[in-house]
Amino acid sequence: NGDVLECIHFYNIQNVTFTSQLLGTLNGQGQQWWGIPGIGYLIRGENRPRLFNVEDSKDILVENLLFKDSPYWTFWVHGVDGLEVRNCEISARRTDHDDHNIIDMTAFNTDGFDVSGRNVWIHDCKVWDQDDCIAVKGNSENMLVERIEASGIGVTIGSIGCSTVNNITFRDIHMHHTWKGIYMKFRGCGNETGAKISNVLYENVY
């Protein structure tokens, strides 16, 4: 129907490990999808593939991987029960600048770790992208994110619509030349009750 497929997409998997002996690379060739700065987004919009997508799964381990230059969202694990991510890196850069300049930021929507579900531990990882570094999405609980180097558009709750988020901790996070730091975002919910966000802790974020 004209919509792209995902680069890597798994459904309903259980007890699966994604790993590499050293630091393996998944390269999304994002520059080709981002197009000409300022123009590429107008042409493709959000019809770009996510690099890594896992849905409705249980007991997943992801380790020792570099997710490089995703065309769109980098890491989208949703509806998960039991996820550990460790010793991974995400990089989405147009240039080698040590900040997020106007050219880099045109690689927009290159989110880092986007996760929804429960019992999630993301630790000892690095993220440099041009959107949310780590985003906890709706219907999530019991998540710990710690010992992270992150630079982009923040360690995020959201965006959240008609759903709940409970018991989320971000701690020991260093954000070098980041565009945003702590970030929460919400969207409309029609006539329904709305979002309920509770027990969120940001601790030792520099």
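Right above here is the structure, for reference.
These numbers come from a predicted model, not from an experiment.

### Focus on the overall build of the chain
Point 1. Helix and strand content of the chain: 2 helices and 15 strands.
Point 2. For 206 residues, the compact-globule estimate of 2.2 N^0.38 gives 17 Å, and the chain sits close to it at 16 Å.
Point 3. With the principal axes as the frame, the chain shows a C-alpha extent of 45 × 45 × 40 Å.
Point 4. Out of the 206 residues in the chain, the part that is buried amounts to 50%.
Point 5. Counting only contacts in the chain whose residues sit at least 6 apart along the sequence, the fraction spanning at least 24 positions is 67%.
Point 6. Element-wise, carbon and sulfur atoms account for 49% of the exposed surface of the chain, whose accessible area totals about 9900 Å².
Point 7. In the chain, the 17 positive side-chain charges and the 27 negative ones have mean positions that sit 2 Å from each other.

### Points about the nonpolar core
Point 1. By size, the foremost hydrophobic cluster in this structure holds 38 residues, and its most contacted members are Val 62, Phe 75, Leu 83, Phe 113 and Phe 170.
Point 2. It is strand β9 (residues 113–128) that provides the largest number of residues to this core, a total of 6 residues.
Point 3. Dropping the residues within four chain positions of it, Phe 113 is found in contact with Phe 75, Val 85, Cys 88, Ile 90, Ile 122, Cys 125, Val 127, Cys 133, Ile 134 and Ala 135.

### Looking at the side chain of Ser 163
Point 1. As for its placement among the helices and strands, Ser 163 is situated in the loop between β12 (153–160) and β13 (164–174).
Point 2. Residues contacting Ser 163, with those up to four places away along its chain left out, are Gly 138, Asn 139, Gly 194, Ala 195 and Lys 196.

### A word on the pairing of strand β4 (residues 52–55)
Point 1. Covered by surrounding structure in β4 are Phe 52 and Val 54 together with Asn 53 and Glu 55, the residues of both alternating faces.
Point 2. When β4 meets strand β7 (residues 75–86), the two strands line up parallel, connected through 4 bridges. Bridge pairing links Val 54 to Val 77 in β7.

### Observations regarding the packing of aromatic side chains
Point 1. Under the definition given, this model contains 10 aromatic pairs.
Point 2. Between Phe 18 and Phe 52 the ring centres are 5.0 Å apart and the planes differ by 90°, which places this aromatic pair in the edge-to-face class. You can see Phe 18 sitting in strand β2 (residues 14–18) and its partner Phe 52 sitting in strand β4, a full 34 residues away along the chain.
Point 3. A relative accessible area of 14% means that Phe 18 is categorised as buried.
Point 4. When the centroid spacing of 4.7 Å and the interplanar angle of 10° are considered together, the rings of Phe 170 and Tyr 202 count as stacked. A residue pair is termed long-range when its members are at least 10 positions apart, and Phe 170 in strand β13 and Tyr 202 in strand β15 (residues 196–205) qualify at 32 residues.

### Some points on the side chain of His 78
Point 1. Note that His 78 resides in strand β7.
Point 2. Here His 78 falls in the buried class, since its relative accessible area comes to 16%.
Point 3. Beyond its immediate chain neighbours, meaning those up to four positions away, His 78 contacts Asn 53, Val 54, Glu 55, Asp 56 and Ser 116.

### Quick notes on the pattern of salt bridges
Point 1. Applying the stated criterion to the full structure yields 10 salt bridges.
Point 2. A salt bridge links Glu 6 to Arg 50; its shortest N-O distance comes to 2.8 Å. Pair noted here: Glu 6 is in the segment before β1 (9–11) and Arg 50 is in the loop between α2 (40–44) and β4, with a separation of 44 residues, a long-range link.
Point 3. Overall, Glu 6 belongs to the buried group, its relative accessible area being 18%.
Point 4. Several salt bridges share partner residues, and in doing so they unite Asp 124, Glu 146, Arg 147 and Arg 171 into one network.

### Digging into the state of the cysteines
Any covalent bond linking the sulfur atoms of two cysteines counts as a disulfide.
Point 1. Under the criterion given, the structure shown has 0 disulfides.
Point 2. Considering cysteine sulfurs only, Cys 88 is the nearest to Cys 7, which forms no disulfide, with 16 Å between them.
Point 3. Its sulfur unpaired, Cys 88 is 5.0 Å from the next cysteine sulfur, which belongs to Cys 125.
Point 4. Residue Cys 88 is classed as buried on the basis of its relative accessible area, which comes to 1%.

Definitions and cut-offs
- Residues numbered from 1 in each chain as written.
- Predicted model: local features only at pLDDT ≥ 70, side-chain atom pairs only at ≥ 80, totals over all residues.
- Heavy atoms only, no water.
- Helix = DSSP H or I, 4+ residues; strand = E, 2+ residues; numbered from the N terminus.
- Rg over C-alpha atoms; globule rule 2.2 N^0.38 Å.
- Buried < 20%, exposed > 50% of the residue type's maximum accessible area, 1.4 Å probe, protein only.
- Contact = heavy atoms within 4.5 Å.
- Areas by Shrake-Rupley, 256 points an atom, 1.4 Å probe, with all protein chains shown as cover.
- Lys, Arg positive; Asp, Glu negative; His and termini not counted.
- Charge placed at Lys NZ, Arg CZ, Asp CG, Glu CD.
- Core = buried A, V, L, I, M, F, W, Y, C linked by side-chain atoms within 4.5 Å.
- Pairing = 2+ DSSP bridges.
- Phe/Tyr/Trp six-rings, centres within 6.5 Å; stacked < 30°, edge-to-face > 60°.
- Salt bridge = Lys/Arg side-chain N within 4 Å of Asp/Glu carboxyl O.
- Disulfide = S-S within 2.5 Å.

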